[in-house]
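Take a look at the letters that make up each chain.
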Amino acid sequence: MATRKVTVSLDDGVLAFAEKAAKARGVSVSAWLSRAARREAVRTGFHAADPRDELRTAEQVALRDEAELATALEDLRAQG
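None of the values given here were measured: they were computed from a predicted structure.

Rules behind the numbers
Residues numbered from 1 in each chain as written. Predicted model: local features only at pLDDT ≥ 70, side-chain atom pairs only at ≥ 80, totals over all residues. Heavy atoms only, no water. Salt bridge = Lys/Arg side-chain N within 4 Å of Asp/Glu carboxyl O. Helix = DSSP H or I, 4+ residues; strand = E, 2+ residues; numbered from the N terminus. Buried < 20%, exposed > 50% of the residue type's maximum accessible area, 1.4 Å probe, protein only.

> Can you lay out the pattern of salt bridges for me, pointing to particular residues and giving the numbers?
Throughout the structure, instances matching the rule amount to three salt bridges. When the shortest N-O distance is used, the salt bridge between R39 and E66 registers 3.7 Å. With R39 in helix 2 (residues 29-43) and E66 in helix 3 (residues 54-79), the pair connects residues that are 27 residues apart, well separated along the chain. What makes R39 buried here is its relative accessible area of 14%. A residue is classified by how much of its surface remains accessible, and E66, at 30% relative accessible area, is partly exposed. With a closest N to O distance of 2.7 Å, R43 and E40 form a salt bridge. In this pair, R43 and E40 are both assigned in helix 2, three residues apart and thus about one turn of the helix distant. For R43, a relative accessible area of 57% translates into the label exposed. Overall, E40 belongs to the partly exposed group, its relative accessible area being 37%.

And the structure:
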């Protein structure tokens, strides 16, 4: 998937959280923010209209991310 470089502004607390979460996942802050934005877009109801569209692929990746997160949370709960 193609990427573009953009500038975003985050408050210090959000950036610190993103940095810690990205480090825990073993990815860059940029990759973590990209996944988080994709998941949130899908969670709040975004759906690509054209299945051939690149956005449809992003939606599918976000849904897989959500499933992975749910599995990780279940594993944590099982560990007590």
